[in-house]
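What follows is the residue order along each chain.
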Amino acid sequence: MMAGLMSQVPLMVLGQTRTGRSDQSRVPGQTASGQVLVDPGTDFTGWIKKYDLKFDGIGPPVYFLPPPPTEEELMSRELENRPPETIAIPRMLSKAAILNGLRPTGNKGTDPARFSGDAQSREGWLLMESERLTELGKMDELADIHHLLACEYFRVGATEDAFAFFEKALANKIALKKEADVLAIQYNLGALYEYIDDLTCAMGLYEQIYRDAIRRSNRLQQADALMRIALVKAKNGHHYEAEQELIRTVIPMYKQIRNEAGDIGRIVSYQTLADVYRLQDRYPEAQWFLLQSKDIIEEKGLSYYLPDIIFALAEVKKSSGNTVVAIEEYRLADQLVNSRGSNSLVMRLAIQDALGSIYHQSGQLKEALEALSRYDYLKEQLLSIDFPF
């Protein structure tokens, strides 16, 4: 510590000048006559307790240093240094939704993890199985493996490889006239094109699905395709046309399908309509249609879909400035979605990111840090399953 300082370095000189010379050597807090403007026994910050007023050594009389940061300032700095991947959370949510909604082919599902052993990578096992089936000439099973490879490549972020293997699987299924599998792959391809914002290709696939559904008089397939077409139109800026198609065509079609598939269709179509209004920042309308979805879920006992609706309601409340209710709904969504296991990690991460942001902006720094700690824990879990950020 510098000579003359008895404890802390003062923020401001209180007392006489170093040499008592002219005004050029006068320090802040002292008039030309040498009058001290502040009580020399204290400091205006309350931080400096004592110092040597008679110091006449080498150097300036005082170094102007800020006081040590308070606990609140330290917490605020930690929150401001949030990890950069948080900005990608909307993209991660979109990807997680696609992964959860991928349609299976054959009897192999969309998750290759159950086919590969502990010592094998999923990609490695699938490629070896692909070679084996090619040698045996089992083209239908080969197409299913190619479809699984496409799902796995999309999961790990290798989007170009995902497209390539989806196309291989589609070509084989068309050649084998496996219409149900062709439909599944077309939907999955459409979702990937939406993910990379190639809305023209996505629209082309959904329109093809719709034409095939008309040919087969499949009302459920027609409604599913029209719902996807409406959302693509909204993403292209044609909001009114999308709203009308959903309200006047899609939702009535699902109402005519009097089974669980029709009920699920109504839930998802109301949610899609809410998404169209959210694209326009029309939050009251978005909230109203999300509540319609919630009513159907509760009436029909389809609780699997409830976390998505509660989370969407929380997002709407947050965007519209109603943060008090948003916090309650984020917490509820977090409780509800835990039952989904690893499939829920991205939503739970998004919930903690949103809660941390709300708490930070409202000055609730302790709660914000707790949310950030939970965020870090969930991030590590995602990294452990190779989910790319």
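Please refer to the structure placed before this passage.
An account of the accompanying structure is given in this report. What you are looking at is a predicted structure, and each value in this text was computed from that prediction instead of being measured.

Quick look at the overall build of the chain
Next up, step 1: Across its full length, the chain carries 15 helices and zero strands.
Next up, step 2: Classification of the 389 residues of the chain by burial places 44% in the buried group.
Next up, step 3: If you take every contact in the chain between residues at least 6 apart in sequence, the share linking residues at least 24 apart comes to 59%.
Next up, step 4: Looking at the chain as shown, the accessible area adds up to about 20400 Å², and 51% of this sits on carbon and sulfur atoms.

Details of the packing of helix H12 (residues 306-319) against helix H14 (residues 345-361)
Next up, step 1: Running from N to C, H12 and H14 point in directions that differ by 25 degrees, and their axes come no closer than 12 Å. In terms of their interaxial angle, H12 and H14 are classed as roughly parallel. Of the two possible hands of crossing, H12 and H14 adopt the one that is left-handed. Across the interface between the two elements, Pro307, Asp308, Phe311 and Lys318 of H12 pack against Met347, Ala350, Ile351, Ala354 and Ile358 of H14.
Next up, step 2: Taken together, the residues that form the contact of H12 with H14 break down as seven nonpolar, no polar and two charged.

As for the packing of aromatic side chains
Next up, step 1: Following the criterion strictly, the structure yields nine aromatic pairs and no others.
Next up, step 2: An angle of 85 degrees between the planes, with centres 4.9 Å apart, marks the rings of tryptophan 288 and phenylalanine 289 as edge-to-face.
Next up, step 3: Members of the aromatic cluster, joined through ring pairs, are Tyr270, Tyr277, Trp288 and Phe289.
Next up, step 4: Over the aromatic face of phenylalanine 154 sits the side chain of lysine 95, whose NZ or CZ is 5.3 Å from the ring centroid.

As for the nonpolar core
Next up, step 1: Counting residues in hydrophobic clusters, the biggest one holds 100 residues, and the most contacted among them are Phe166, Leu189, Tyr206 and Tyr330.
Next up, step 2: Setting aside anything within four residues of it in sequence, one finds leucine 189 in contact with Phe163, Phe166, Glu167, Leu170 and Leu205.

Thoughts on the side chain of aspartate 224
Next up, step 1: With respect to the element layout, aspartate 224 can be found in helix H8 (residues 219-235).
Next up, step 2: Aspartate 224 gets classed as buried once you look at its relative accessible area, which sits at 15%.
Next up, step 3: With residues up to four places along the chain from it excluded, the contact list for aspartate 224 reads Arg103, Tyr187 and Tyr254.

Focus on the pattern of salt bridges
Next up, step 1: With the rule as written, the count across this model stands at 22 salt bridges.
Next up, step 2: Linking glutamate 243 and arginine 282 is a salt bridge whose minimum nitrogen-to-oxygen distance equals 3.2 Å. Placement of the pair is glutamate 243 in helix H9 (residues 239-256) and arginine 282 in the loop between helix H10 (260-279) and helix H11 (283-300), with a sequence separation of 39 residues.
Next up, step 3: Glutamate 243 gets classed as buried once you look at its relative accessible area, which sits at 6%.
Next up, step 4: We classify arginine 282 as partly exposed; its relative accessible area is 28%.
Next up, step 5: Residues joined by salt bridges that share partners form a network here, namely Asp140, Asp144, Lys173, Lys178 and Asp181.

As for the packing of helix H6 (residues 179-195) against helix H7 (residues 199-215)
Geometry of a packed helix pair, given as the angle between the helix axes and the separation of the axes.
Next up, step 1: In contact at an axis separation of 8 Å, H6 and H7 are set at 155 degrees when each is read in the N-to-C sense. As judged from the angle between their axes, H6 and H7 are roughly antiparallel. Along this stretch, H6 crosses H7, giving a crossing that reads as left-handed. Along the contact surface, H6 presents Glu179, Leu183, Gln186, Tyr187, Leu189, Gly190, Ala191, Tyr193 and Glu194, while H7 presents Leu199, Cys201, Ala202, Leu205, Tyr206, Gln208, Ile209, Asp212 and Arg215.
Next up, step 2: In the contact of H6 with H7, the residues fall into 11 nonpolar, three polar and four charged.

Topic: unusual backbone geometry
Next up, step 1: We note that serine 217 has phi near 55 degrees; this positive angle belongs to a residue other than glycine.
Next up, step 2: Take serine 217: it is sitting in the loop between H7 and H8.
Next up, step 3: Among the residues examined, serine 217 registers a relative accessible area of 59% and is labelled exposed.
Next up, step 4: For aspartate 281, which is not glycine, the phi torsion reads 60 degrees and is therefore positive.
Next up, step 5: The class of aspartate 281 is exposed, set by a relative accessible area of 52%.

Points about H6
Next up, step 1: Here H6 contains 17 residues, and its C-alpha end-to-end distance of 24 Å stays within 8% of the 24 Å for a straight helix at 1.5 Å per residue.
Next up, step 2: Of all 17 residues making up H6, 15 are buried, and the element is well covered by its neighbours.
Next up, step 3: In the segment just after H6, aspartate 197 is the residue with positive phi, at about 65 degrees.

Some points on H11
Next up, step 1: With 18 residues, H11 extends 26 Å from end C-alpha to end C-alpha; this agrees with the ideal 26 Å at 1.5 Å per step.
Next up, step 2: For H11, the complete set of buried residues consists of Tyr283, Ala286, Phe289, Leu290, Gln292, Ser293, Ile296 and Ile297.
Next up, step 3: For H11, the elements touching its buried residues are H10 and H12.
Next up, step 4: Backbone geometry just downstream of H11 places glycine 301 in the positive-phi region, at approximately 70 degrees.

Concerning the environment of aspartate 353
Next up, step 1: Mapped onto the elements of the fold, aspartate 353 is located in helix H14.
Next up, step 2: Given a relative accessible area of 15%, aspartate 353 falls into the buried group.
Next up, step 3: Each C-alpha atom, one on aspartate 353 and one on leucine 372, is 6.9 Å from the other, the two residues being 19 residues apart in sequence.

So, the environment of isoleucine 310
Next up, step 1: One can find isoleucine 310 in helix H12.
Next up, step 2: By relative accessible area, which is 3% here, isoleucine 310 ends up buried.
Next up, step 3: Measuring from C-alpha to C-alpha, the distance between isoleucine 310 and leucine 336 comes to 8.9 Å, with 26 residues separating the pair along the chain.
Next up, step 4: Setting aside residues no more than four positions away along its own chain, isoleucine 310 makes contact with Lys294, Glu329, Leu332, Ala333 and Leu336.

Conventions and cut-offs
- Residues numbered from 1 in each chain as written.
- Predicted model: local features only at pLDDT ≥ 70, side-chain atom pairs only at ≥ 80, totals over all residues.
- Heavy atoms only, no water.
- Helix = DSSP H or I, 4+ residues; strand = E, 2+ residues; numbered from the N terminus.
- Buried < 20%, exposed > 50% of the residue type's maximum accessible area, 1.4 Å probe, protein only.
- Contact = heavy atoms within 4.5 Å.
- Areas by Shrake-Rupley, 256 points an atom, 1.4 Å probe, with all protein chains shown as cover.
- Axes fitted to C-alpha atoms, helices over the stretch in contact; angles between N-to-C directions.
- Parallel < 35°, antiparallel > 145°, perpendicular 65-115°, else oblique.
- Left-handed = near helix turned anticlockwise from the far one by under 90°.
- Nonpolar A, V, L, I, M, F, W, Y, C, P; charged D, E, K, R; others polar.
- Phe/Tyr/Trp six-rings, centres within 6.5 Å; stacked < 30°, edge-to-face > 60°.
- Lys NZ or Arg CZ within 6 Å of the ring centre and 35° of its normal.
- Core = buried A, V, L, I, M, F, W, Y, C linked by side-chain atoms within 4.5 Å.
- Salt bridge = Lys/Arg side-chain N within 4 Å of Asp/Glu carboxyl O.
- Expected span 1.5 Å × (residues − 1).

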